[in-house]
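Each chain, letter by letter, is given below.
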Amino acid sequence: MFDESKINSIREEYPILKREIEGRPLVYLDTAATAQAPKCVVNAIEDMYFNHRANVHRGVHTLSQEATDMVEATREKVRAFINAASTEEIIFTRGTTEAINLVAATYGDRLCNGDEIILTTMEHHSNIVPWQLIGKEKRIRIRVVPINDAGEVNLEEYEDLFTEQTRFVALAHVSNVLGTINPVKEMIAIAHKHGVPVLVDGAQAAPHIAVDVRDLDCDFYAFSAHKMYGPTGVGVLYGKKYRLNTMSPYQGGGEMISTVSFKSTTYADLPFKFEAGTPDYVGIAAFSAALDYINDLGIENIAAHEHALVEEATRQLLTIDGMHIYGTAAHKAGVISFLVRDINSYDMGLLLDKLGFAVRTGHHCAQPLMARYGVQGMVRASFGVYNTFDEVSRFVEAVRRVASMF
């Protein structure tokens, strides 16, 4: 937990928070979409461009070697951050979406007609559409774990979905809409009891709670740098080494090869087999600074601060007539999604923006979840390490003011 002086010090690292919107101070409550980047990350990007810009893994000259060392140092830092067994299990992608697509395209190529995949009702489109694309080609059935009104899965209902045809499970660690922290360790254990591998979408978990992939025993884990105070365009796929070794490359080109002729190609060892072409080595190097930033603050301290903000925001929001908060799970991360009476989420978000508050509106790339609650969209406020209790109180008063206009 951070005291007021620490939060003020943290906020100094984010010049954007001094901006005004429509003449009012910006209150940024859209961290679940993209977290703001502290100065240390922006400085790392600048340093990379000004002092170390050269293609990685391919040159003997000094700049190339420096850039390569920085990328590989980040890989080791990611490995430690999630407690993977080896850097061979850490694959850099463009984000969570590409990481999931990689698994769907490469592990999914072994699925056959009649096979089944289990997802949950709260999945982001990025963990639905890739499986539908595979399913369309091979007539694979998608089975969906229901949730209760609080936004929680029932483990017995989940296990009841397993059949002899179940071949894969893909599920969110934390819901981007409800904030629900799913019991993924228990869900993984159930899947493994049935001999089924599991991919975890960790986009909303990695920035907010401690992740230990070996303790979870997941087969794959995906997350994005831009939700972790890092640069955009960089993501990570963790995969158990023996799983990755059985999978074909996702893309072909430079970097991912060992030998090439017009007759045949042999592939590079892990993790490079899945990293075709020139990576975003600038972003990857800057991601190292973001990981250092999180580690210095302490992921447990970040989680405690965000939990306190959510608790206070929930308490105050519920004093507004007609307020309905979606997602009241016992274990919840720093997200609140809500509607006030029948006020359209877009209208609420547009007017809040005029008052200086940046929130997300609409279906949040989770249309099946919206259908579960019988709504077209919701307003989402999501918190980061830089948000304050004063901002929470001002936000609630702004929502109350907007609600009074309808």
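This text follows the structure it describes.
Below: a short report on this structure.

Reading the values: the criteria
Residue numbers restart at each chain and count upward from 1, following the sequence in its written direction. It should be noted that, the model being predicted, local features are given only for residues of pLDDT at least 70 and side-chain atom pairs only at 80 or more, the latter also being counted only at that level, while totals for whole chains, interfaces and linings use all residues. For the side-chain quantities, the full set of heavy atoms in the structure was used; hydrogens and water were omitted. Working definition: helices are DSSP H or I runs of at least four residues, strands are E runs of at least two. Numbering for both runs from the N terminus. Computed with the Shrake-Rupley method and a 1.4 Å probe, the accessible areas treat only the protein chains shown as cover for residues. The charged-residue count follows a simple rule in which Lys and Arg add positive charge and Asp and Glu add negative charge, with His and chain termini not counted at all. For this purpose, a charge sits on NZ of Lys, CZ of Arg, CG of Asp or CD of Glu. At least two bridges found by DSSP between two strands is the condition for calling them paired. For helices, the axis comes from a line fit to the C-alpha atoms of the stretch in contact; other axes are also lines fit to C-alpha atoms, and the angle between any two N-to-C directions lies between 0 and 180 degrees. Take a side-chain nitrogen of Lys or Arg and a carboxyl oxygen of Asp or Glu: if they are within 4 Å of each other, that pair is a salt bridge. Contacts are assigned to residue pairs with any non-hydrogen atoms lying within 4.5 Å of each other. By definition here, a helix of n residues has an expected span of 1.5 Å times n minus one. Burial status follows relative accessibility: with a 1.4 Å probe on protein chains alone, a residue under 20% of its type maximum counts as buried, one over 50% as exposed, and anything between as partly exposed. The arc in question is the one spanned by the directions pointing from the helix axis to the C-beta atoms.

Quick word on the overall build of the chain
Step number 1: Looking only at helices and strands, one finds 14 helices and 17 strands in the chain.
Step number 2: Dimensions of the chain along its principal axes, counting C-alpha atoms only, are 70 × 55 × 35 Å.
Step number 3: Of the accessible surface of the chain, which amounts to about 17200 Å², a share of 50% is contributed by carbon and sulfur atoms.
Step number 4: The positive charge centre, built from 38 side chains, and the negative charge centre, built from 51, are 4 Å apart in the chain.

Quick look at the sheet that holds strand β9 (residues 220–224)
Step number 1: What the 7 strands build is an open sheet, ordered β4-β10-β9-β8-β7-β5-β6; its pairing is mixed. With partners counted over all chains shown, the strands left at the sheet margins are β4 (90–93) and β6 (141–145), one partner each. The average undirected angle you get between the axes of adjacent strands in this sheet is 20 degrees.
Step number 2: Both strand β5 (residues 116–120) and β6 contribute to a ladder of 5 bridges, which runs parallel.

Describing the pairing of strand β11 (residues 257–260)
Step number 1: The pairing of β11 with strand β12 (residues 265–267) spans 3 bridges and is antiparallel. For I257, the partnering residue across the bridge sits in β12 and is Y267.
Step number 2: Linkage of β11 to β12, two consecutive antiparallel strands, is achieved through a turn of 4 residues.

What to know about the pattern of salt bridges
Step number 1: Under the defined criterion, the tally for this structure stands at 23 salt bridges.
Step number 2: One salt bridge in this structure joins E275 and R75, with 2.8 Å as the shortest N-O distance. Residue E275 is located in the loop between β12 and α10 (281–297), and its partner R75 is located in helix α3 (residues 62–82); the two are separated by 200 residues in the primary sequence.
Step number 3: Close ionic contact of R394 with D390 constitutes a salt bridge, the shortest N to O distance being 3.0 Å.

So, the sheet that holds strand β16 (residues 360–362)
Step number 1: In space, the 4 strands of this open sheet follow the order β13-β14-β17-β16, with antiparallel pairing throughout. The sheet is open, and its two borders are formed by β13 (323–326) and β16, each paired with just one other strand. Here the average twist between neighbouring strands, direction ignored, is 30 degrees.
Step number 2: Relative to the sheet, helix α11 (residues 299–317) contacts β13 and β14 (335–340), its axis offset from that of β14 by approximately 10 degrees.
Step number 3: Where helix α12 (residues 345–354) meets the sheet, its contacts fall on β14, β16 and β17 (378–382), and the angle it forms with β16 comes to roughly 155 degrees.

So, helix α2 (residues 39–51)
Step number 1: Between its terminal C-alpha atoms α2 stretches 17 Å, which fits the 18 Å expected from 13 residues at 1.5 Å a residue.
Step number 2: When α2 is considered as a whole, its buried residues turn out to be V41, A44 and M48. Buried residues along α2 cover an arc of 55 degrees about the axis, so they all sit on one side.
Step number 3: Turning to α2, the residues buried within the fold contact α3 and α10.

So, the environment of M122
Step number 1: If you trace the backbone, M122 turns up in the loop between β5 and α5 (129–138).
Step number 2: In sequence terms M122 and E311 are 189 residues apart; their C-alpha atoms lie 22 Å from each other.
Step number 3: Those residues in contact with M122 that lie beyond four places of it in its chain are I147, G151, V153, S175, N176, T180, N182 and L369.

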